[in-house]
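Coordinates in review
So you can see what is in the structure, the chains are spelled out below.
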Amino acid sequence: MFTSKKYLNKSTASKLAIYALVVGLFWIKMSYIQSNIFSLKVENANEASILAFNPLSSIFLIFGIGILLAGRKGMLVSYILGSVLLYVNVLFYREYNDFITIPMLNQVANLADLGGSIGTILSLTDALLFVDVLIAAFLLFYLNPERLTRFMPKRREGLIMAVIAIPLFAVNLQWAETERTDLLERTFDRNMLVKYIGLLNYHVYDAVLQGKTEMKKTLADSNELVPVINYLNEDKKADSDNLEGVAEGKNVIALSLESTQTFVVDNTLHGEELTPYFNDLKEEGIYFDNFYHQVKQGRTSDSEFLLANSMYPLNRGAVFFTHSENEYKGLPGLLSDNGYFTNVMHANDKTFWNRNVTYDSLGYDDFFSKEDYTITPEKSYGWGYLDEYFFSDSLDKMEEMDKPFFSKLITLTNHYPFDLPEDKKMIEEGETNSGTLNRYFQTIRYQDEALKQFVEKFKQSEFYDDTILVIYGDHFGISENHQKAMGQYLDKEINDYEQFQLQRVPMLIYGEGIEGQKNHTVGGQVDLRPTITNLLGIEDPNPVQFGHDLMDPDRRQMMITRDGDFANEEYVGIQGVCYDRETGEKVETEDACTEGFEKAQEELEMSDSVIYGDLLRYLDETQMIETEANQQEE
Ligand code: GP9
Ligand code: MN
């Protein structure tokens, strides 16, 4: 009896030891990745403790399920899958500074292409992130310290582990709420979610969100559009007629500049201007210096979505993939109805970002993609067709087009990893600690030269007098990962406020009859559509637009980011913290920015509801009912 009890105790003790070792091993790795590879901006000791604690519940959950399904083999499988998931996020984070969402997985082909730079994000030392898998396998399968029994976890134990995960998570969440209330309801920022609940729990949460959004379209009905329209009407003032119709009947070239940020404008490197041509050009047009990109995971495609619909893109995934076949009342469709030939010109695969499908839904008449350009190896580099040739061929195509036309051109050369052939480099590379930023200066300089050739040739074209150019940056090129280098270049510390201000992209309206002026209004890509229709003097019957004409002197000065942050006339609000927009000083008054944050959240939710519910399919019906109601009132 005595021996057997001792035997049992020893056996239980060694079993528990193995459990503890394997759990501990994964815990250490996950903590290491969360604290050292991701930059989650831990601000105090409490946050650091939450971050250290948060892997635990998810580890109990995945190991518990593994054991429940297949004993120790299952535990090892959980260990391996968990490790792979962590690592895939590490790679994704290096490229995107963000975490994977389920909708992003539908775009694997795209992601593979984006990783034209995969070599740049893989690192040899990454192999170390898998050494622990071998140790875990050894512990689970070969270690037998007491030579009494092998490690044989019972399924019941798996169930117990999985159940223990629940109170562990509850503790985690309660603790996180001490830092941020309603964490799970206010989920625009994945960095914050991961900081507070950990990467694996974040994925569980993301899966729940996915299920919820899929339900939304099925459950949607036409009534849901009414509050959106009412909300938007509240914000609308009498239409200003500033510059209304100055470009009536003219062609429009919307020129989307890849990864081009405002900080390069009027800036120098080694004493040379980075964008000498644009710097002069902007003096001849209307230049907006407080104009922000508003994209999220869909990058360029998100900026295209903003332009076409004056709605916000999604917080998870690229709306070009997730809701490509919704009904939209897009700008291209509107212009086509007004006699325009609407098209996109972009020398990449037509399926990239699912463009060929979504462009149809937005109402474009045509798409000139890679296959429509005569691309030779001599004229290509990195991502493909070099901008100068792309521009020149595109102008030739425009000569032939039916007029008036609306062409959106998307450049490509100034794309991460910012590589250029030697003979195209017009400036020495930068001297910061980031190769990415150092090369970025060179591709920016190259793009400016290509722009020069384009605009100068355009000026010679016979449609110059009848065309306006709308030039804007699609999104940032230099991510937060390069903050230190950016600080070295700009010679200041890049704090949250500066990082936010770096999300400004240049925006210029240029053409015959448009006088040069600087416009400081606070706006973003969501405002492009109403601005363009105002210039063209085209009545836009779609009431579901979140943007405001940038030309309107009395417009609402507000720009909302996809993270729920905002800039308005006075303030910049970032993750609950308020700054003076001009000086960047923290504003200590408690609720100076509360209204801004609430507005941002409300507006993003409205926009999301339209996309998730595919609500524009009910627009005609809703408007008919409204008109009838109005008539009855009269
Ligand atoms: C690809 C180009 C770049 O066609 O638009 O896409 P991005 O990575 O910037 O979203
Ligand atoms: Mn882009």
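Scope of this entry: the structure provided in the associated data block.

Rules used throughout
Per chain, residue numbering runs from 1 following the sequence as it is written. For this description, chains carry letters from A and ligands carry numbers from 1, given in the order in which they are written. For this predicted model, a pLDDT threshold of at least 70 governs which residues receive local features, and a threshold of 80 or more governs which side-chain atom pairs are given and counted, while totals over whole chains, interfaces and linings are taken from all residues. Side-chain metrics in this entry use all non-hydrogen atoms of the structure; hydrogen atoms and water are not considered. Within the patch definition used here, like charges are joined within 9 Å and nonpolar side chains (Val, Leu, Ile, Met, Phe, Trp, Tyr) within 5 Å, considering only residues with over 30% relative accessible area and no salt bridge. Values of accessible area rely on a 1.4 Å probe in the Shrake-Rupley scheme; residue burial ignores everything except the protein chains shown. Any Lys or Arg side-chain nitrogen located within 4 Å of an Asp or Glu carboxyl oxygen qualifies as a salt bridge. Runs of E in the DSSP output that reach at least two residues are strands. Runs of H or I that reach at least four are helices, and both are numbered from the N terminus. Relative accessibility thresholds used throughout: buried, under 20% of the residue-type maximum; exposed, over 50%; partly exposed, between the two (1.4 Å probe, protein chains only). Consider each residue's heavy atoms; a residue with any of them within 4 Å of a molecule or strand counts as near. Nitrogen and oxygen atoms within 3.5 Å of one another constitute a polar contact, given that in protein one can donate a hydrogen and the other can accept it, and given that sequence-neighbouring residues count only through two side-chain atoms. Residues are grouped as follows: Ala, Val, Leu, Ile, Met, Phe, Trp, Tyr, Cys and Pro are nonpolar; Asp, Glu, Lys and Arg are charged; every other residue, Gly included, is polar.

1. Description of a nonpolar patch on the surface
A cluster of nonpolar side chains, namely Ile65, Leu68, Leu69, Leu159, Val163 and Ile166, defines an oily patch on the protein surface of about 550 Å² accessible area. One can find Ile65 in helix H3 (residues 55–96). With relative accessibility at 38%, the residue Ile65 sits in the partly exposed group.

2. Side note on the site of ligand 1
Surveying the vicinity of ligand 1 reveals 13 residues, the closest of which are Thr300, His346, Asn348, Arg355 and His415. The side chain of Thr300 places a nitrogen or oxygen atom 2.6 Å from an oxygen atom of ligand 1. With respect to ligand 1, the side chain of His475 contributes an N or O atom lying 3.0 Å from an oxygen atom. Within the complex, the protein chains bury 98% of what would otherwise be the 300 Å² of accessible surface of ligand 1. Looking at the shell around ligand 1 residue by residue, the classes come out as 5 nonpolar, 5 polar and 3 charged.

3. What to know about unusual backbone geometry
The omega torsion across Lys403 and Pro404 is -10 degrees, close enough to zero to call that bond cis. Here Pro404 is to be found in the loop between helix H17 (387–400) and strand E10 (405–410). Residue Tyr416 is joined to Pro417 through a cis peptide bond whose omega torsion reads 5 degrees. The backbone phi angle of Lys41 is positive, close to 55 degrees, even though this residue is not glycine. In this structure, Lys41 sits in the loop between helix H1 (2–37) and helix H2 (45–53). The phi dihedral of Asn97 is positive, around 60 degrees, even though this residue is not glycine.

Bear in mind that shape data such as this cannot, by itself, settle questions of function.
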